[in-house]
Amino acid sequence: MGRDFPFDDCGRAFTCLPVENPQAPVEALVCNLDCLLDIMTYRLGPGSPPGVWVCSTDMLLSVPPNPGINWDGFRGTRVIAFPGSLTYALNHGVYLTDSQGFVLDIYYQGTKAELQRCVGPDGLVPLVSGVVFFSVETAEHLLATHVSPPLDACTYMGLDSGAQPVQLSLFFDILLCMARNVNRESFLAGRPPEMGQGDTDVAGYLKGARAQLWRELRDQPLTMVYVPDGGYSYMTADASEFLHSLTMPGVAVAQIVHSQVEEPQLLEASCSVVSCLLEGPVHLGPRSVLQHCHLRGPVHIGAGCFVSGLDTAHSEALHGLELHDLILQGHHVRMHGSLSRAFTLVGRLDSWERQGAGMYLNMSWKEFFKKTGIRDWDLWDPDTPPSDRCLLSARLFPVLHPTRALGPQDVLWMLYPQEDRGEALRAWRASWRLSWEQLQPCLDRAATLASRRDLFFCQALQKARHVLEARHDLCLLPLIRAAVGEGCSGPLLATLDKVAAGAEDPGVAARALACVADVLGCMAEGRGGLRSGPAANPEWIQPFSYLECGDLVRGVEALAQEREKWLSRPALLVRAARHYEGAEQILIRQAVMTSQHFVSTQPVELPAPGQWVVTECPARVDFSGGWSDTPPIAYELGGAVLGLAVRVDGCRPIGAKARRILEPELWLAVGPRQDEMTMKTVCRSLDDLQDYCQPHAPGALLKAAFICAGIVHIHSEIPLREQLLHSFNGGFELHTWSELPHGSGLGTSSILAGAALAALQRAAGRAVGTEALIHAVLHLEQVLTTGGGWQDQVSGLMPGIKVGRSRAQLPLKVEVEEITVPEGFVQKINDHLLLVYTGKTRLARNLLQDVLRNWYARLPAVVQNARRLVRQTEKCADAFRQGNLPLLGQYLTSYWEQKKLMAPGCEPLAVRRMMDILAPHVYGQSLAGAGGGGFLYLLTKEPRQKEALEAVLAKVEGLGNYSVHLVEVDTQGLSLQLLGSETCLCGAGPSEAGNA
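Residues numbered from 1 in each chain as written. Predicted model: local features only at pLDDT ≥ 70, side-chain atom pairs only at ≥ 80, totals over all residues. Heavy atoms only, no water.

In the annotation of an unreviewed UniProt entry, the entry for the protein chain reads L-fucose kinase isoform X3, and the organism field reads Mesocricetus auratus.

Structure representation (structure tokens):
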């Protein structure tokens, strides 16, 4: 058959294998060439000196990760050999070597005596594998031969100069002359096994070519490396061997690779399905292979079959049939410039050899003729010698019918020829038919590859839809990169739009929109600026407004219409991607808003005007599980965070105070508690509150608190003044403070929101429980559009040591468990826990966007890490219950590693340096919160180490403006008290109101 391969129109190199590479950056079918390139690049190639690797693509190889090839002192040429049995070696090439690994001879289809000389200590022989390495010196010697006759005929230079083309064998011409036991006379007289007996001109040419090779290469050493744990299998034309190589006998399940199968239970053990779309009942028997097919059941393919290249239009031809031990293929052929389809059917046991057993469809030709009514003159010309009458030359396969398109039925009828009273035989005879040999030059490989690509993306789109709708934690980025790279981004975007618009769950819709953003980002090809950034361009306001109103269908449609205007260049694509992430944030916000279900208040006596309600809170330190509380992780995976309420240097650093005033206005003050220079804002109308959702606007958090507390109805037609007079006979003053530096990582903003809400609600005559307050803060942060999780308010509003948990469901509900520790252990923690302010302000501007992007992409490392965060929280809680300080230190250190995996770049170099200096003195340490700066907290090995560690750090230059602080567990949590009234209120402006 020469180099033709009967089971793949694109040859052995492009035969697809039933394997997937989960680490591949781009989703793609894995063909034999991919595997060989991987083996050469990462297994055989590393460590080799400069030179030239040559590798055949006619075989399947397996090589262990580290084959242990020693290149010390190497020169010349090296061949790679793999173990094979004596029986297998009878039809293959084998190396004979000496004890140093020098090749003495190469046998092809050697005698038993020759092969016996090659047997190694393991009882196996070293097979010629098709892998060779030439050193630079040897490659230069070989290269020198290509410009002079007769070897110039092996190159296009020689052919263009009129030389007669003749091929040489790499192994039995070029390498054989370097084998030590081969002498010149026998080498010059020999010929490579693939040449056959040929004519005398070729023999003369070959002798001259071999003589020149002998002169150039004889002195070059030829050594062999044997890979005992490797595997080699030549891809023969034997269908049984081919099926064996693509299935895994003994494996209890079917291999389904890059395929979508509606009824996988119909696929039997040890069968394989590669790049297929199977709709409805499609049964596949054991040791059978389906490739590149789009079938619609009912279809029954039994054992020992290979079916390839069929689509839904051909499925009907299979209905009602049961195939066994058959090879059915659809081919793309070009006849006289026109592209069409042809189909071939052969038996698994048929021989492709010219001198092989005369069989077709697993029966003798005689039986076949008797069964079908076909005669030998239908297949061969009368003057064809009997020795040439074989499967290769039989005109069996219709390629053109005078009145209709061809289908699989034009060959399948031969299996059941008596069922239609000879109609199929007459149609077959009326068709123009070709033999397998005649068909080969007509195959259109470009059309074959294009068809495979189209089918691959057809199933990939279904996969994307299924993954999103079924909420699978599977990363779609490789698929997205493949679609964009192959120009299939349009159909993918349309599929994602459909999933988003049809989603009943805001989480599914948000992830679909996040995938659209990834497609757009991928289309920008790394240009166009940063992915993270603003998303408030006026052009996108209309789509956003639909989403805000809960009209998902119109919102997704309007997003898609706007998107079309932003596809022309990278900068626009990146900006469009940012706005899709903005749309995704709206849906996250709506999902988190479900936490309002768990916010309730009780009416209490309304404080008198001027009476201050003061709330104070500790800071928080997170010991495990941070990031798992962040939406959407908190309600898609479920979150668990262990945190401590802490006083810093003996103080509860966060607080708020609120009081009613007679003026129907809102007076807002933000700043340190005792500072008369605090920033003050007066809101006299609803317009003054409109920037409540812009986190950096003055007093935005306080404005959002008034709205979330239900004191102000921002979208009402009633003016602010009338709202306040009607409900409260006046307005409110609200003052918040934090004694912690900005970006401390100790949960300030969320705890501050809780303190403000608690003070406001009480000042408005309502009592709110701490658990309700936790959910109210979640709601407030969504209104404020800062997002964020629930761990800060859980740890800062609730006392002591506790675990907060949220389940993988909506509505989002947070449940808190207080952790009971051994007697005296809280004091032990106080003695061993220290805070170090790093002097670096945490800049987490794009940190959250990056984490959400990676979560929605379901990057495997991020998904696994999020699960580890949750698991470790429970282990950390057990360590607290046991009172095991060293174990807590271990968890603290591994927690920091988990945070760095979640948000790469959150560890500044200066902080790393500080942590390295402190490491010998601590059980464990971590930056607080998301990292990036702020406070470092550590569990010291010895108690009361503040002064000692200050001395350690003082000896190191260049650490910057750091400071060490005492910290102790707070056992009170949020405190609220009513102070006495103040009298100077009527007509007093905010500056005169003073502090309580």
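**Q** Please explain the overall build of the protein chain as it appears in this structure.
**A** Regarding its fold elements, the protein chain presents 35 helices and 40 strands. In terms of C-alpha radius of gyration, the protein chain reaches 38 Å, well past the compact-globule figure of 30 Å for 996 residues. Considering only C-alpha atoms, the protein chain reaches an extent of 125 × 75 × 55 Å along its principal axes. When burial is assessed residue by residue, the protein chain has 55% of its 996 residues classed as buried. Contacts in the protein chain between residues at least 24 apart in sequence constitute 67% of all its contacts with a sequence separation of at least 6. For the protein chain, the exposed area adds up to about 42,100 Å²; of that, 53% sits on carbon and sulfur atoms. Measuring between centres, the 85 positive side-chain charges of the protein chain sit 1 Å from its 105 negative side-chain charges. (Helix = DSSP H or I, 4+ residues; strand = E, 2+ residues; numbered from the N terminus. Rg over C-alpha atoms; globule rule 2.2 N^0.38 Å. Buried < 20%, exposed > 50% of the residue type's maximum accessible area, 1.4 Å probe, protein only. Contact = heavy atoms within 4.5 Å. Areas by Shrake-Rupley, 256 points an atom, 1.4 Å probe, with all protein chains shown as cover. Lys, Arg positive; Asp, Glu negative; His and termini not counted. Charge placed at Lys NZ, Arg CZ, Asp CG, Glu CD.)

**Q** Can you walk me through the pairing of strand β36 (residues 833-837) in this structure?
**A** One face of the sheet, then the other: side chains in a regular strand alternate in exactly this way. For β36, the buried fraction is high: five of the five residues fall into the buried class. Burial of β36 is two-sided: the residues Leu833, Leu835 and Tyr837 facing one way and the residues Leu834 and Val836 facing the other way are all buried. As defined by bridge partners, β36 adjoins strand β39 (residues 963-969) across four bridges and the pair is classed as antiparallel. Note that in β39 the partner of Leu834 across the bridge is Leu966. (Pairing = 2+ DSSP bridges.)

**Q** Please clarify how the confidence of the model for the protein chain should be interpreted in this entry.
**A** Segments scoring low in pLDDT should not have their predicted coordinates read at a detailed level. When pLDDT is averaged along the protein chain, the result is 91, and 95% of the positions lie at 70 or above. Below pLDDT 50 for its whole length, residues 983-996 participates in 29 contacts with residues either more than four positions away or in separate chains. (pLDDT = per-residue confidence, 0-100.)

**Q** Whenever I open this one, the environment of Leu859 confuses me. Can you help?
**A** Looking at the secondary structure, you find Leu859 in the loop between α30 (847-856) and α31 (860-882). In this view, Leu859 contacts Cys475, Leu477 and Asn854; residues no more than four positions away in its chain are not counted.

**Q** Sorry if this is basic, but what is going on with the sheet that holds strand β12 (residues 277-279) here?
**A** Each strand in a sheet pairs with its neighbour through backbone hydrogen bonds, running either in the same direction (parallel) or in the opposite one (antiparallel). Taken in spatial order, the three strands of this open sheet run β10-β12-β15, and their pairing is parallel. Strands with a single pairing partner mark the edges of an open sheet, and in this sheet they are β10 (260-261) and β15 (294-296). Sheet analysis places β10 next to β12, joined by two bridges and oriented parallel. Across the sheet, Gln260 pairs through a bridge with Leu277, a residue of β12. Against the sheet, helix α16 (residues 445-469) touches β10, β12 and β15, its axis set at about 60° to β12. (Axes fitted to C-alpha atoms, helices over the stretch in contact; angles between N-to-C directions.)

**Q** Would you mind showing me how to read the packing of helix α18 (residues 489-502) against helix α19 (residues 506-523) here?
**A** A pair of packed helices is characterised by two quantities: the angle between their axes and the separation of those axes. Running from N to C, α18 and α19 cross one another at 160°; their axes reach a closest spacing of 8 Å. On the basis of the axis angle, α18 is roughly antiparallel to α19. Considering the relative orientation of α18 and α19, their crossing is left-handed. Across the interface between the two elements, Ser489, Leu492, Leu493, Leu496, Asp497, Val499 and Ala500 of α18 pack against Val508, Ala509, Ala512, Leu513, Cys515, Val516, Val519 and Met523 of α19. (Parallel < 35°, antiparallel > 145°, perpendicular 65-115°, else oblique. Left-handed = near helix turned anticlockwise from the far one by under 90°.)

**Q** Can you help me understand the pattern of salt bridges in this one?
**A** Pairing between side chains becomes possible if they bear opposite charge and their charged atoms approach one another. With the rule as written, the count across this model stands at 49 salt bridges. Between Arg453 and Glu486 there is a salt bridge whose closest N-O contact spans 3.7 Å. Here the residue Arg453 occupies a position in helix α16, and Glu486 occupies one in the loop between α17 (477-485) and α18, the gap between them amounting to 33 residues. For Arg867, the salt bridge identified is with Asp473, shortest N-O distance 2.8 Å. Taken together, the residues Arg867 in helix α31 and Asp473 in the loop between α16 and α17 connect sequence positions 394 residues apart. Take Asp473: its relative accessible area is 31%, and that puts it in the partly exposed class. (Salt bridge = Lys/Arg side-chain N within 4 Å of Asp/Glu carboxyl O.)

**Q** What am I meant to see in the packing of helix α20 (residues 541-548) against helix α22 (residues 570-592) here?
**A** Packing of α20 against α22 leaves a shortest axis separation of 10 Å and a crossing angle of 15°. By the criterion of interaxial angle, the relationship of α20 to α22 is roughly parallel. Regarding α20 and α22, the two cross each other, and that crossing is right-handed. Between α20 and α22, the contacting residues are Phe544, Leu547 and Glu548 on the first element and His579, Gly582, Ala583, Ile586, Arg589 and Gln590 on the second. Taken together, the residues that form the contact of α20 with α22 break down as four nonpolar, three polar and two charged. (Nonpolar A, V, L, I, M, F, W, Y, C, P; charged D, E, K, R; others polar.)

**Q** Even after reading the chapter, I still don't get the state of the cysteines, so can you show me in this structure?
**A** A disulfide bridge is the covalent bond that connects two cysteines by way of their sulfur atoms. All chains considered together, the criterion is met by zero disulfides. No disulfide involves Cys10; its sulfur sits 8.5 Å from that of Cys16, the nearest cysteine. Cys475 takes part in no disulfide bond, and the closest cysteine sulfur to it belongs to Cys515, at a distance of 8.7 Å. Looking at Cys475, the relative accessible area reads 13%, which means it is buried. (Disulfide = S-S within 2.5 Å.)

**Q** Mind showing me how you'd approach the nonpolar core here?
**A** Generally speaking, soluble globular proteins have nonpolar side chains that are buried together. The biggest cluster of nonpolar side chains holds 92 residues, and the ones touching the most others in it are Phe623, Leu644, Leu666, Ile711, Phe732 and Phe880. Here this core gets ten residues from one element, more than from any other, and that element is helix α26 (residues 748-763). Ignoring any residue separated from it by four or fewer positions in sequence, one finds Leu644 in contact with Ala619, Arg620, Val621, Phe623, Ser795, Gly800, Ile801, Lys802, Ile829, Leu833, Phe880 and Val969. (Core = buried A, V, L, I, M, F, W, Y, C linked by side-chain atoms within 4.5 Å.)

**Q** What should I look at first to understand the side chain of Gln459 in this one?
**A** Mapping Gln459 onto the fold places it in helix α16. Under the relative-accessibility criterion, Gln459 is labelled buried at 0%. One polar contact links the side chain of Gln459 to the main-chain carbonyl oxygen of Phe456, over a distance of 3.0 Å. The contacts of Gln459, once residues within four sequence positions are left out, are His258, Ser259, Gln260, Cys276 and Leu277. (Polar contact = N/O pair within 3.5 Å; in protein donor to acceptor, adjacent residues only side chain to side chain.)

**Q** Before we go on, may I ask you to explain empty space enclosed by the protein in this structure?
**A** To find leftover empty space, a probe the size of one water molecule is rolled over the atoms. Going through the model one piece at a time under the given rule, you end up with four cavities of 30 Å³ or more. Lining the largest cavity are Gln585, Ile588, Thr630, Pro631, Gln782, Gly787, Gly788, Leu848 and Leu852. Elements that contribute at least two residues to the lining of the largest cavity include exactly α22 and α30. Broken down by class, the residue content of the lining of the largest cavity amounts to four nonpolar, five polar and no charged. (1 Å grid on protein atoms, 1.4 Å probe; cavity = no way out; pocket = protein on both sides within 12 Å on 5 of 7 lines; lining within 4 Å. Points joined across faces, edges and corners; volume = space filled by probe spheres on them.)

**Q** Can you help me understand the UniProt feature "domain: GHMP kinase N-terminal" (unreviewed entry) in the protein chain in this one?
**A** Following the UniProt record, the feature "domain: GHMP kinase N-terminal" (unreviewed entry) maps to residues 725-796 here. As a span, residues 725-796 carries 56% helix and 15% strand, and end to end its C-alpha atoms are 34 Å apart. (UniProt positions renumbered as here; feature names shortened; annotations may be inferred.)

**Q** I tried to follow helix α9 (residues 239-246) on my own but got confused; where do I start?
**A** Count 3.6 residues to each turn of an α-helix, and residues three or four apart come out pointing the same way. Along α9, the residues classified as buried are Ala239, Phe242, Leu243 and Leu246. Seen end-on, α9 carries its buried residues on one side only, within an arc spanning 95°. Elements in contact with the buried residues of α9: β9 (255-257), β11 (272-274), β14 (289-291), β17 (306-308) and β19 (326-335). Backbone nitrogen of Ser240 and a side-chain oxygen of the N-cap are separated by 2.8 Å at the start of α9; the cap is Asp238. (Arc of directions from axis to C-beta.)

**Q** What is the right way to read unusual backbone geometry from this model?
**A** The linkage connecting Pro631 with the following residue, Pro632, adopts the cis geometry, with an omega of 5°. By the element assignment, Pro632 lies in the loop between β27 (619-624) and α23 (633-638). Of note in this structure, Asn729 is not a glycine but carries a positive phi near 55°. In this fold, Asn729 is placed in the loop between α25 (720-728) and β32 (731-738).

**Q** When you look at the environment of Ala209 in this model, what are you seeing that I'm missing?
**A** Structurally, the position occupied by Ala209 is in helix α8 (residues 200-217). The exposure class assigned to Ala209 is buried, which follows from its relative accessible area of 0%. Considered as a pair, Ala209 and Leu746 are 537 residues apart in the sequence and their alpha carbons are 80 Å apart.

**Q** Quick question: what am I supposed to make of the environment of Tyr360 here?
**A** In this structure, Tyr360 sits in strand β21 (residues 359-360). Distance from Tyr360 to Ala394, taken between C-alpha atoms, is 9.9 Å for residues 34 residues apart in sequence. Other than its neighbours up to four places away in sequence, Tyr360 contacts Leu345, Val346, Asp350, Trp365, Phe368, Leu391, Leu396, Phe397 and Met414.

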